[in-house]
Structure formats: structure tokens, C-alpha cells
Amino acid sequence: MSAWLLLLTLAYYFYPGSLFIVLLPASIHLVAFFQAIYVVRIKKQASRTLSKDCIWFNLLMVLVYLCLFFVIRSSF
């Protein structure tokens, strides 16, 4: 999923006027970030798909997408 979202974000380079292309993948990772926090930290529930690593990965991906957004946005 992350690879496809990254490709979608790189499409922003070709369509710089569309904020939706960057905000969609960032928001998907942000939702996954909060879901992982809720399941792992708040409910302390065991999950096969959500873990502490999932929290950090999704936070990192949100930061990557925001950096891409600002780098691409400032180049135009």
C-alpha cells in the first residue's frame, strides 16, 4: 500500500496544482497511525497487523509525504 501511495505522491510532481494527490496518502497513513495508537497503546490489545513498529512507520510516512509536499510545492 505504501508503495502505491508513494507513486501517487510522486504524481504530484506532474500535477502540482492538485493538493489531493499528496493529502490523500498522508491522511491514510495518519488514520493508520491513530488506529495503531488506539489498539496498541490505549486498549493494549494484541494484534497481528498493528504493533509499535506500525505506529513509527506510519508516522514516518506522514512526515515523508509532508516533506515531499513542501519540497515539490516550493520548487514551483
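Residues numbered from 1 in each chain as written. Predicted model: local features only at pLDDT ≥ 70, side-chain atom pairs only at ≥ 80, totals over all residues. Heavy atoms only, no water.

1. Details of the packing of helix α2 (residues 20-42) against helix α3 (residues 52-74)
Between α2 and α3, the least distance of the axes is 8 Å, while the angle of their chain directions is 160°. As the angle between them shows, α2 and α3 are arranged roughly antiparallel. In the packing of α2 onto α3, the handedness of the crossing is left-handed. Listed contacts from α3 to Val 22, Pro 25, Ala 26, His 29, Leu 30, Ala 32, Phe 33, Ala 36, Ile 37, Val 40 and Arg 41 of α2 are Lys 52, Cys 54, Ile 55, Phe 57, Asn 58, Leu 59, Met 61, Val 62, Tyr 65 and Phe 69. (Axes fitted to C-alpha atoms, helices over the stretch in contact; angles between N-to-C directions. Helix = DSSP H or I, 4+ residues; strand = E, 2+ residues; numbered from the N terminus. Parallel < 35°, antiparallel > 145°, perpendicular 65-115°, else oblique. Left-handed = near helix turned anticlockwise from the far one by under 90°. Contact = heavy atoms within 4.5 Å.)

2. Comments concerning the packing of helix α1 (residues 2-10) against α3
Packing of α1 against α3 leaves a shortest axis separation of 11 Å and a crossing angle of 10°. Between α1 and α3, the crossing angle belongs to the class labelled roughly parallel. Note that α1 runs across α3; the crossing there is right-handed. Contacts between α1 and α3 involve Ser 2, Leu 5, Leu 6 and Thr 9 from the former and Phe 57, Met 61, Tyr 65, Leu 68 and Ile 72 from the latter. Taken together, the residues that form the contact of α1 with α3 break down as seven nonpolar, two polar and no charged. (Nonpolar A, V, L, I, M, F, W, Y, C, P; charged D, E, K, R; others polar.)

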